[in-house]
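So the chains spell out like this:
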Amino acid sequence: MITEKPLPVIDHDSAPYWEAAREGRLDIPLCGDCGKHHFYPRSVCPYCHSDNLSFDTVSGRGEVHTFTIARRPAGPAFADDVPYVVALIELEEGPRMMSRIQTDDPENVHIGAKVEVTFVKATDEVTFPYFKII
Amino acid sequence: MKNGRDPVIVGIADASLKDGKFVTNASVLGHAALVAKAAVEEAGLKLSDVDGLLTAGMWGVPGPGQLATVTLGEYLNIMPTFVDGTNIGGSAFEAHVAHAAMALREGYCEVALIVYSSDQKSLRSRNLGGRPSVLSMQHETPYGMPTPVGGYAMAAQRHMHEYGTTSENLAEIAVATRKWAQLNPEATRRDPLSIDDVLSSTMISEPLHLLDCCLVTDGAGAIVMTTAERARDLKSKPVAVKGYGEAHTHWAIGEMPDLARLLPAQKAGERAMKMAGVSHSDIDVVEIYDSFTITVLLSLEALGFCKIGEGGDFVSGQRTAPGGRFPMNTSGGGLSALHPGMFGMFLLIEAVRQLRGDCGERQVEGAETALVHGTGGTLSSGATVILQKD
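Residue positions are given per chain, counted from 1 along the sequence in the order it is written. Think of it this way: whatever chain is written first is A, whatever ligand is written first is 1, and the rest follow in order. Side-chain atom pairs in this predicted model are given and counted only at pLDDT of 80 or more, local residue features only at pLDDT of at least 70, and totals for whole chains, interfaces and linings cover all residues.

## Overview of helix H10 (residues 293-302) of chain B
Here is step 1: Backbone-placed C-beta atoms define the burial measure: a residue is buried with 20 or more other C-beta atoms within 10 Å of its own, exposed with 12 or fewer, and partly exposed in between. Each helix is a run of DSSP H or I of at least 4 residues and each strand a run of E of at least 2, with the numbering of both proceeding from the N terminus. Of all 10 residues in H10(B), 10 are buried, a share of seventy percent or more.
Here is step 2: Just downstream of H10(B) lies B:Gly304, where phi reads positive at about 90°.

## Focus: the interface of chain B and chain A
Here is step 1: It is the C-beta atoms, placed from the backbone, that decide contacts: two residues are in contact if theirs lie within 7 Å. With 28 residues of chain B at the contact, the number on the chain A side is 29 residues.
Here is step 2: Of all the secondary-structure elements, those providing two or more residues to the side of chain B that touches chain A are helix H5 (149-163) and strand S7 (203-205) of chain B.
Here is step 3: Here the element with the most residues in the side of chain B that touches chain A is H5(B); it accounts for 6 residues.
Here is step 4: Class assignment for the residues of the side of chain B that touches chain A results in 11 nonpolar, 14 polar and 3 charged. All amino acids are sorted into three groups, where Ala, Val, Leu, Ile, Met, Phe, Trp, Tyr, Cys and Pro are nonpolar, Asp, Glu, Lys and Arg are charged, and the leftover types, Gly among them, are polar.

## Things to note about the sheet that holds strand S13 (residues 381-389) of chain B
Residue and element names in this part refer to chain B.
Here is step 1: Pairing within the open sheet is mixed, and its 9 strands lie in the order S5-S4-S6-S9-S1-S10-S13-S12-S11. A strand with exactly one partner marks an edge of an open sheet, and here the two such strands are strand S5 (82-84) and strand S11 (285-288). Within the sheet, the average angular offset between the axes of one strand and its neighbour, ignoring direction, is 25°.
Here is step 2: With 2 bridges connecting them, strand S1 (residues 7-14) and strand S10 (residues 239-248) associate as antiparallel partners. Paired with Val8 across the two strands is Ala240, which belongs to S10.
Here is step 3: Angular values range over 0 to 180 degrees, each being the angle between N-to-C directions of two axes fitted as lines to C-alpha atoms, with helices fitted over their stretch in contact. Each of S1, strand S6 (112-118) and strand S9 (219-227) is contacted by helix H1 (residues 28-43), which is oriented at about 130° to S1, the strand it contacts most.
Here is step 4: Contacts from helix H2 (residues 68-76) reach strand S4 (52-55), S5 and S6, with the element oriented near 125° to S4. For two strands to count as paired, DSSP must find a minimum of two bridges between them.

## A word on helix H9 (residues 263-276) of chain B
Residue and element names in this part refer to chain B.
Here is step 1: Helix span is expected to be 1.5 Å times the residue number reduced by one. Relative to the 20 Å expected for 14 residues at 1.5 Å per residue, H9 spans 20 Å between its end C-alpha atoms, a close match to the ideal helical length.
Here is step 2: By the burial criterion, the buried members of H9 are Pro264, Ala265, Gln266, Ala268, Gly269, Ala272, Met273 and Ala276.
Here is step 3: Once H9 ends, the next one or two residues include Gly277, with phi positive near 70°.

## Examining the domain arrangement of chain B
Residue and element names in this part refer to chain B.
Here is step 1: Delimitation of the domains relies on an automatic or database domain assignment. Domain parsing of chain B yields domain 1 (7-124 + 218-242) and domain 2 (135-214 + 244-389).
Here is step 2: At the junction of the two partners, domain 1 supplies 32 residues and domain 2 supplies 36 residues.
Here is step 3: In terms of residue class, the side of domain 1 that touches domain 2 is built from 17 nonpolar, 10 polar and 5 charged.

## A closer look at the pairing of strand S4 (residues 84-91) of chain A
Residue and element names in this part refer to chain A.
Here is step 1: Of all 8 residues making up S4, 7 are buried, and the element is well covered by its neighbours.
Here is step 2: Direction of pairing for strand S3 (residues 61-70) relative to S4: antiparallel, over a ladder of 8 bridges. In the sheet register, Thr68 faces S4, and the bridge partner there is Val86.
Here is step 3: Strand direction decides the pairing type here: S4 and strand S5 (residues 96-101), joined by 6 bridges, are antiparallel. Directly across from Glu90, in S5, lies its bridge partner Arg96.

Next comes the structure, spelled out in structure tokens:
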């Protein structure tokens, strides 16, 4: 039985982010009042609660803040990926985002490792920002 | 200063399990009703005396479980005039005790019934996948995050990185908790367990092993609260609710403000202890939510039983085991007694049993004050209750 992997249910908050990913850019919200980037995309800034927000293309660089090596899959859809690394990436611009580390060597992933975004197409609609160790 | 409307717990009940499954034949609501009836009867009350109904659960969703208190009230044929369906995960029941306490003090209710039931083991409804990929979860689920263990694993990894905590430290908790379970005939897992057993058990989500994780069982429990004044005419020995606090910080683990520090426990614990007028040295027995070993370590630090980062040292040498200096999770906890999905109910029941002196072989000598702390979600919420022998 082929079990399909879960895809994001894209909404009005997240549509520009996923659209940019499809085009190979990492775009996240930037607050026009306090000047902070945030993730995940919201309608108000989580820091100063301003709604003066726009999407900004960021560097795509950051470091591994924490991670886990999944030895048991998150459901049958991920069974073929095991072991795989789910990581919380701290972007150079400040926000943290959950992603996957693209690697053949999960044991070598560590907290503080420098990473860079890489885009992995899942469907015509969805491209995921994964990260690789640099 | 004592007041006739001070809140007290006067009834408790839980369902018997065999191999982690209910032994009686009833639906998930049927088990809720059976423990509700047992708890009010133990108190010397009737279900028709209940005017406050509080519940949280995962049953019947989508469907009647979306309005859980309403559905449960209908099933029991009671018409509460104070209701609370607060669901902040496994700590919901500690928050319910707080909310019922406030309603009792205010005269908004006279008899509050808190109920929980889950047949997840019998239904085989638990899995690691879980959360639909909508709203904030669209940024987590598609990456294959094992839920909820992956979030706890990420916190453990961060704690190890910042403070040098080891897998052995975490295993100490699982082993100590199993020793308590061995003294509890109702506990699901009672076979001997060593630190090596924990470390050599299957790795699930690094750095957490299978035996760092709680059980998956059925379970149902109920608590009845009323005022000190009303309790004087009842047959059970009341346990006083002296303090409470609650807080939450995030749902997605990526939004946790500091992955090595459990802020909800810090906030809830401080408030509860201040309200009760107790300090750490006054606490005789501690019941802390053990969804995973790391949950306990983070809670102990945040509640102030040791400094942040020193949890590993604190639990070493089987300090929390029977005969140790810090009696904790005396039923065998979620790690070894039962874990039906939202364990907070059973922390409260065990604390009441300890304060009543009803715990047999596992009784903590001279237990007069207990601290109960629940954690819910993915280290998301925390709620603390301080209970005292009346």
